[in-house]
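Residues per chain are reported as follows:
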Amino acid sequence: MSHSTAGTEPAKPPPEDDHAFFGHPRGLMTLSGLEVWERFSFLGMQAILVLFFADTVRDGGMGMDPGTAASVSAAYGTLVYLVSVAGGWLADRILGSYRAVLYGGILIACGHYSMAVPTDAMTWVGLGLISAGTGLLKPNVASMVGKLYRTDDERRDAGFALYYMGINIGAFAGPLITGWLGDHVSWHWGFSAAAVGMTLGLIQYVAGRRHLAGRKRAAEFALAPDAMRRAVRLIIGGAVVVAAVATALALAGWLTMDRFVDVLTVISVIAPIVYFVVMFRSPRVTAEERGRLRPYIVLFLGSVVFNFILFQAYSTMMLLASTNARTEILGFTFPASWYASALGAFEVALAPVVAAVWAKMGPRQPHASNKIAFGVILGGLSFLLMVLPTSGHADDTYRMAAWWIVGSYLLLGLGDILLETSGMSATTKLAPKAFASQTMALWFLSLALANGIQAQIVKLYGEVSNPAYFGVNGAIAVAAGVAMIAAAPWLKRTMHPVH
C-alpha cells in the first residue's frame, strides 16, 4: 500500500496553497527559498573565483594573468549552462523534476565542499561537480515554477519576478560572506561558506516538497524501462570515456587550458543550433508550437547579448574593481568582491517594484519581447557608463569613485529583472509540451553561448584600452535591443496568444 501511494503521489499541491504566498502558490516560497541558497553559493563563489584565479600563488591564488583568469571563469560558466541540456532531458525522461533538482543540489554542495580543500586538483574537481549539479538544478527548478500557474494566469510574470527576487537575495548575501572570508581569511574559507549555503537550501527544499507541482516520482515523459536502462548505461559509459580521453589528452600536453576554453566556446555555438533543429523537426511538436518557436529564437538571441554583459559583472568588472576602483565608502573599507553584492541588492529592491507594476497593469503591460529588449538596452548602457570614469588617464594607476561601478550595476540589475523574468516566463509559455524542461534548458543554453562568447572576448581585457573595451561591447548591446524593438510587431503576431 505504501509503495502504491508513493508511486501515485499527486502532481499538484493542496488547493489551499494557490494564494497562500503573497497571492501566489505556496510552492513559490519553497522554490524561491531554494534559489536563495543556490545563488548564495553559486554567485558567492563566482564573485571571488576570478580574483582567486588572478591572485598570486604566494597569496593563495592560482597566479593567472587577468585576461586568462576572466576567460577561464567564463569557460566554467559555459560548462555550467551547457550541462543544463542534459539536466532538462534527464528530468523529462528519467528522473522527474523534483529528483533532478534534489540530486543537482547535492552535487553542487559536494562541489563547494571540494573547493574548500586548498589544492588545485580539488578546485577543478569541485568546479566539475558544481557544473553537473547546476545543470540538473537550474532548468528544472524554473520549470517547476512555471507548473505552479496556468498558461493564461496573469500572475505568472509577477510570480517569476518574486522568484527572481529570491534569487537575488542570495546574489546579494553570497558575495558579502564569501568575499569577506576570501579577503580576510583565505579563498578556500569563502568556498566553504558557499558549501554551507547550498546545504541549507537542500534542507528547506525537502521540507517544503508537498507544496510543489510536478513532484511525482516518475518523469513526465519517461522512457520505456528497456530504453531507460540503455540510456543510463550510455550516460555512464559516455561520461567515463570523455573523462578518460580528456585526461589522456591533458597528460599528452594537447588539451591545454586555452584549448579547453576554445572547445567549450565551439560547443556553446553548435549546441543551441542543433537543439533548435531537433525541436523544429520533432514529430511530437505540433505546427502551432513550431510557429511559436520562431519568435523564440529572437528572444534567445536577446538573452545572449544581455548575458554577455551581465556575466562580466563577475569577471572583467571584478578585475576592474580590484585594480581601479576605490574600496571604501564614508570611511568604511570593503573587499572588491562586495561590488557584486550591489547587483543583487538592486535586484532585491527593484524586483517587487517591477512585479507590482506588472500586476497593476495586467493585460496593458508591455509585450514580453519589449521587456526583453528594454533589458538588453539597459545592459548596454551599463557598459557605456564605464567609458566615462576609465577615459582620460595617463596611466593605469587611477582609482574611480565607487559610485561609478554601483551605477553601472543599477542599470544592469534593472535590465536583468526585465529580461530574465520575462524570458523565463515566456519560455514556459512557448515551450512545446514534449520538451517542457528541455526548452527551459534551451533558455539556459543562451547563457552558455553568452559565456562562450565572453570566454573569447575577455581575452582582450587589458590588451585594449578600457574605454574601447566597455564602449564597443556596450554599443553593440544597445543596437541589439533597438533592433528587437523594431521587430516587435512581428514578434507580437507570431507569439500570439502569449503576451
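Model, not experiment: these values are computed from the prediction. Each chain carries its own residue numbering, running from 1 in the written order of its sequence. With the structure being a predicted model, the display of local features is reserved for residues of pLDDT at least 70 and the display and counting of side-chain atom pairs for 80 or more, all residues being used for whole-chain, interface and lining totals. Side-chain calculation: all heavy atoms of the structure are included, whereas hydrogens and water are not.

As for the overall build of the chain
Then comes step 1: In DSSP terms, a helix is any run of H or I states spanning at least four residues, a strand is any run of E spanning at least two, and both are numbered starting from the N terminus. Per the secondary structure count, the chain includes 18 helices and two strands.
Then comes step 2: Just to be clear, the radius of gyration here is over C-alpha atoms, and the globule rule we use is 2.2 Å times residues to the power 0.38. Relative to the 2.2 N^0.38 estimate, which gives 23 Å for 499 residues, the radius of gyration of the chain is 22 Å and therefore close to what a compact globule would have.
Then comes step 3: With the C-alpha coordinates of the chain rotated into their principal frame, the extents come out at 70 × 55 × 40 Å.
Then comes step 4: Out of the 499 residues in the chain, the part that is buried amounts to 55%.
Then comes step 5: Total accessible area on the chain stands at roughly 20100 Å², and carbon and sulfur atoms take up 69% of it.
Then comes step 6: Seen as two clouds, the 35 positive and the 29 negative side-chain charges of the chain have centres 11 Å apart. Relative accessibility thresholds used throughout: buried, under 20% of the residue-type maximum; exposed, over 50%; partly exposed, between the two (1.4 Å probe, protein chains only). Note that accessible areas follow from Shrake-Rupley with a 1.4 Å probe, and for residues the cover is restricted to the protein chains shown. As used throughout, the charge tally considers Lys and Arg to be positive and Asp and Glu to be negative, leaving His and the chain termini uncounted. Positions of charges follow a simple convention, taking NZ of Lys, CZ of Arg, CG of Asp or CD of Glu.

Structural notes on empty space enclosed by the protein
Then comes step 1: Lining residues are defined by having an atom within 4 Å of a point belonging to a cavity or pocket. Those points lie on a 1 Å grid over the protein atoms alone, cavities being sets where a 1.4 Å probe fits but cannot get out and pockets being open sets with protein on both sides within 12 Å along at least five of seven lines. Grid points are joined across faces, edges and corners, and a volume is the space filled by probe spheres set on the points. Scanning all chains against the criterion turns up two cavities of 30 Å³ or more.
Then comes step 2: Estimates place the volume of the second largest cavity at around 30 Å³.
Then comes step 3: Lining the second largest cavity are Q46, S73, A74, F311, S315, N451 and Q454.
Then comes step 4: For the lining of the second largest cavity, the secondary-structure elements that each account for two or more residues are α3 (66-95) and α16 (436-457).
Then comes step 5: Three categories are distinguished: nonpolar for Ala, Val, Leu, Ile, Met, Phe, Trp, Tyr, Cys and Pro, charged for Asp, Glu, Lys and Arg, and polar for the others, with Gly belonging to the last. Counted by class, the lining of the second largest cavity contains two nonpolar, five polar and no charged residues.

As for the packing of aromatic side chains
Then comes step 1: Ring geometry is summarised as follows: Phe, Tyr and Trp rings, the Trp one being its six-membered ring, pair when their centres sit within 6.5 Å, and such pairs are stacked at plane angles under 30 degrees, edge-to-face over 60 and tilted between the two. Per the stated rule, a full pass over the model turns up 15 aromatic pairs.
Then comes step 2: Each ring, one from F332 and one from W338, has its centre 6.0 Å from the other, and the planes form 35°; the classification is tilted.
Then comes step 3: Ring pairing ties together the aromatic residues F52, F53, W124 and F191, which thus form one cluster.

Section: the nonpolar core
Then comes step 1: In these notes, a set of buried Ala, Val, Leu, Ile, Met, Phe, Trp, Tyr and Cys residues joined through side-chain atoms within 4.5 Å is what counts as a nonpolar core. Counting 127 residues, the largest nonpolar core has Y339 and Y409 as its most contacted members.
Then comes step 2: Residue contributions to this core peak at 13 residues, all from helix α2 (residues 27-54).
Then comes step 3: Throughout, a contact is declared for two residues whenever any of their heavy atoms are within 4.5 Å. Not counting chain neighbours up to four residues away, the residues in contact with Y339 comprise M318, A321, A325, R326, T327, F334, A402, I405, V406 and Y409.

Some points on the pattern of salt bridges
Then comes step 1: Take a side-chain nitrogen of Lys or Arg and a carboxyl oxygen of Asp or Glu: if they are within 4 Å of each other, that pair is a salt bridge. Tallied over the full model, the rule gives six salt bridges.
Then comes step 2: Among the ionic pairs, K459 bridges to D262, the shortest N-O distance being 3.3 Å. Taken together, the residues K459 in the loop between α16 and α17 (466-486) and D262 in helix α9 (residues 257-281) connect sequence positions 197 residues apart.
Then comes step 3: A residue is classified by how much of its surface remains accessible, and D262, at 33% relative accessible area, is partly exposed.
Then comes step 4: Between R292 and E288 there is a salt bridge, and its shortest N-O distance comes to 3.1 Å. With R292 and E288 both in helix α10 (residues 287-310), this residue pair falls four residues apart, about one helical turn.

A word on the environment of R155
Then comes step 1: Structurally, R155 is set in the loop between α5 (120-146) and α6 (156-184).
Then comes step 2: Remark: the alpha-carbon pair of R155 and G362, spanning 207 residues in sequence, is separated by 8.7 Å.

As for the side chain of T265
Then comes step 1: With respect to the secondary-structure elements, T265 resides in helix α9.
Then comes step 2: In this view, T265 contacts G452, A455 and Q456; residues no more than four positions away in its chain are not counted.

Overview of the packing of α2 against helix α11 (residues 316-324)
Two measures define how a pair of helices packs: the angle their axes make with one another and the distance between the axes.
Then comes step 1: One way to put it is that α2 packs onto α11 with a least axis distance of 9 Å and a crossing angle of 65°. Every pair of crossing elements has a handedness; the one defined by α2 and α11 is right-handed. Counted together, A47, V50, L51 and A54 of α2 and M318, L319 and S322 of α11 form the full contact between these two elements.
Then comes step 2: Along the lines of polarity and charge, the residues of the contact of α2 with α11 split into six nonpolar, one polar and no charged. For every element, the axis is a line fit to its C-alpha atoms; helices are fit only across the contacting stretch, and the angle between N-to-C directions ranges from 0 to 180 degrees. By the definition used in this description, the sense in which the near helix is turned from the far one sets the handedness, with an anticlockwise turn below a right angle giving left-handed and a clockwise turn giving right-handed.

Let's talk about the packing of α2 against helix α4 (residues 97-115)
Then comes step 1: The interhelical angle for the contact between α2 and α4, taken along N-to-C directions, is 35°, at an axis separation of 12 Å. Along this stretch, α2 crosses α4, giving a crossing that reads as left-handed. Facing L34, E38, S41, F42, M45 and L49 of α2, the residues of α4 in contact are V101, I108, H112 and M115.
Then comes step 2: Across the contact of α2 with α4, the residue classes break down as seven nonpolar, two polar and one charged.

Quick look at the confidence of the model for the chain
Then comes step 1: Of all residues in the chain, 91% attain a pLDDT of 70 or more, and the chain-wide mean is 84.
Then comes step 2: The secondary structure element of the chain with the lowest average pLDDT is helix α1 (residues 2-7), at 36, and the one with the highest is α17, at 95.
Then comes step 3: pLDDT under 50 marks residues 1-10. Its contacts with residues more than four places away, or in other chains, come to six contacts. The pLDDT score gives, residue by residue, the confidence of the prediction method on a 0 to 100 scale.

Let's talk about α2
Then comes step 1: Multiplying 1.5 Å by the helix residue count minus one yields the expected span of that helix. A rise of 1.5 Å per residue sets the reference length of α2, with its 28 residues, at 40 Å; its end C-alpha atoms lie 41 Å apart and thus fit the reference within 8%.
Then comes step 2: Burial within α2 is extensive, with 25 of its 28 residues counted as buried.

Let's talk about the environment of L442
Then comes step 1: Position of L442 relative to the elements: it lies in helix α16.
Then comes step 2: Taking relative accessible area as the criterion, L442 reaches 0% and is therefore assigned buried.
Then comes step 3: Expressed as a C-alpha distance, the spacing of L442 and Y81, which sit 361 residues apart in the sequence, is 9.3 Å.
Then comes step 4: Leaving out residues up to four positions away in the same chain, L442 has contacts with P272, Y275, F276, M279, Y296 and F300.

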